[in-house]
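Each chain, written out:
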Amino acid sequence: MVDFSKIPSPCYVLDRELLAVNLAVIDDVRRRSGAEIIVALKACAMWSIFSELALHSDGATASSAAEARLVREYFGRPAHTYAPVYTDSSIGDILDCSDHITFNSVAQFERFGQQALLRGISCGLRINPQYSPVETDLYNPCIAGSRLGITADELGELPEGIEGLHFHVLCESRPHHLRKALEAVETHFGRLLDRVKWLNMGGGHLMTHEDYDCDELVEILCSFRERHPHLRLILEPGSAFTWRTGYLVSTVEDIVRNGGVNTAMLDVSFACHMPDCLEMPYKPAIVGAHEPAEGETRWRMGGNSCLAGDWCGDWAFDREPRRGDRIIFEDMIHYTMVKTTMFNGVAHPSIAITDASGQVQMVRSFGYEDFRDRMS
């Protein structure tokens, strides 16, 4: 267990031992399924651990010129790149840093595809199989009128030069959801599968979750490969690599009681540092806290931005929180650092890594200059 007394507050802390457990699971799936598993930077672009991720993956996927450049410079290989739209100002940098590129529409391929093909980059199209298990509309790419991917009735003949198809319809999903997604792909796009070289199944494969059945995932992938033996199968999970590998350390700075509501005011912000808690929404686990039972005192955690809704709750504690107490949020590495903002000038938490010996490596701290330079 991390010695949180050695960690400054606020701070994101990644535990290398927990990361190693996840990487072993991912390696096992790669070996048994024969599928390529690449890291989606959208979930965690913490390049200080890229050397470890590179040893246990088949590359990385980018969603912008900046991410693609990070892959090339710190992952040490070109990126698989997909973005909903490319522009004249960004496409050059993206092509410099990519060996696969997926286009969201035929029009985008017609506009930029020739540039990619002349560089020997493998081109693909994002398809919309019109199935997704995601219930939150904000995260569902297959809602009616979605701007993401091409539906079967919109796609006639496969444009010359297209070598792959890409779909992304899952979010922290289980193997049976992938099975249904592949059934939808075969139903709507089966006529094209024999005409492409690779199929990218996107992210959302939470194979490092304790309840995820990796044997079922391997069976699904192997069965699909038997039906389409010529296809390279690619998965690009994001959360799975850093799922439950670290924490966000915070401190109670004040106690506010109003209308029977108890709020522990923290030196972190849900809006700025944990936005998925408000967007999904979901309530994260806190070390030493539990779900309130009938009659127990309930505590909200209050963020330090001026947004009225910058809070989350409720939790119960064995003793009442006091000013100066550490509040340790669990599972705060994926979709946290990559989504932080400096709204209100609230500083980013520092970033640290711990290892089995208990050593703490401070990777980065932030201050006024980071806010000033971002706003200039």
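Structural notes, computed from the coordinates.

Reading the values: rules and limits
Residues numbered from 1 in each chain as written. Predicted model: local features only at pLDDT ≥ 70, side-chain atom pairs only at ≥ 80, totals over all residues. Heavy atoms only, no water. Disulfide = S-S within 2.5 Å. Buried < 20%, exposed > 50% of the residue type's maximum accessible area, 1.4 Å probe, protein only. Helix = DSSP H or I, 4+ residues; strand = E, 2+ residues; numbered from the N terminus. Contact = heavy atoms within 4.5 Å. Core = buried A, V, L, I, M, F, W, Y, C linked by side-chain atoms within 4.5 Å. 1 Å grid on protein atoms, 1.4 Å probe; cavity = no way out; pocket = protein on both sides within 12 Å on 5 of 7 lines; lining within 4 Å. Points joined across faces, edges and corners; volume = space filled by probe spheres on them. Nonpolar A, V, L, I, M, F, W, Y, C, P; charged D, E, K, R; others polar. Pairing = 2+ DSSP bridges. Axes fitted to C-alpha atoms, helices over the stretch in contact; angles between N-to-C directions.

1. Description of the state of the cysteines
The term disulfide refers to a covalent linkage connecting the sulfur atoms of a pair of cysteines. Across all of its chains, the model carries zero disulfides by this definition. No disulfide involves Cys97; its sulfur sits 16 Å from that of Cys123, the nearest cysteine. Overall, Cys97 belongs to the buried group, its relative accessible area being 3%. In this structure Cys171 is a free cysteine whose sulfur lies 12 Å from that of Cys142, the closest cysteine sulfur available.

2. Re the side chain of His100
By the secondary structure assignment, His100 is in strand 6 (residues 98-103). Not counting the four nearest positions on each side in its chain, His100 is found in contact with Ala79, His80, Thr81, Ile121, Ser122, Trp198 and Arg232.

3. Section: the nonpolar core
Core analysis: the biggest nonpolar cluster contains 96 residues, and Ile101, Phe167, Met201, Met207, Met301 and Phe329 have the highest contact counts within it. Met301 has contacts with Thr263, Ala264, Leu266, Phe270, Ile286, Trp311, Cys312, Trp315, Phe317, Ile327 and Phe329, leaving out every residue within four places of it along the chain.

4. Digging into empty space enclosed by the protein
Empty space among the atoms becomes apparent when a probe as large as a water molecule is rolled across them. Following the criterion strictly, the structure yields two cavities of 30 Å³ or more and no others. Approximately 50 Å³ is the volume found for the largest cavity. In this structure, the largest cavity is lined by Thr61, His80, Thr81, Tyr82, His100, Ile101, Thr102, His166, Trp198, Asn200 and Glu236. Looking at the lining of the largest cavity, the elements that each hand over two or more residues are strand 5 (79-82), strand 6 and strand 9 (198-200). In this structure, the second largest cavity occupies an estimated 30 Å³ of space. Lining the second largest cavity are Val39, Cys44, Leu53, Gly238, Phe241 and Thr242. Looking at the lining of the second largest cavity residue by residue, the class counts come to four nonpolar, two polar and no charged.

5. Description of the sheet that holds strand 8 (residues 162-166)
Spatial ordering of the open sheet is given by 2-10-9-8-7-6-5-4-3, a layout of nine strands whose pairing is parallel. The open sheet terminates on both sides in strands that have one partner only, identified here as strand 2 (36-37) and strand 3 (39-40). Examined bridge by bridge, strand 8 and strand 9 share three bridges and lie parallel to one another. By the bridge assignment, Leu165 is partnered in strand 9 with Leu199. Strands in contact with helix 4 (residues 88-96) are strand 5 and strand 6; relative to strand 6, the strand with the most contacts, it is inclined by about 135°.

6. What about the layout of surface pockets?
Reported here for the second largest pocket is a volume of approximately 650 Å³. At the level of elements, helix 3 (65-75) and strand 18 (360-364) are the ones that each hand at least two residues to the lining of the second largest pocket. Classifying every residue of the lining of the second largest pocket gives 13 nonpolar, three polar and three charged.

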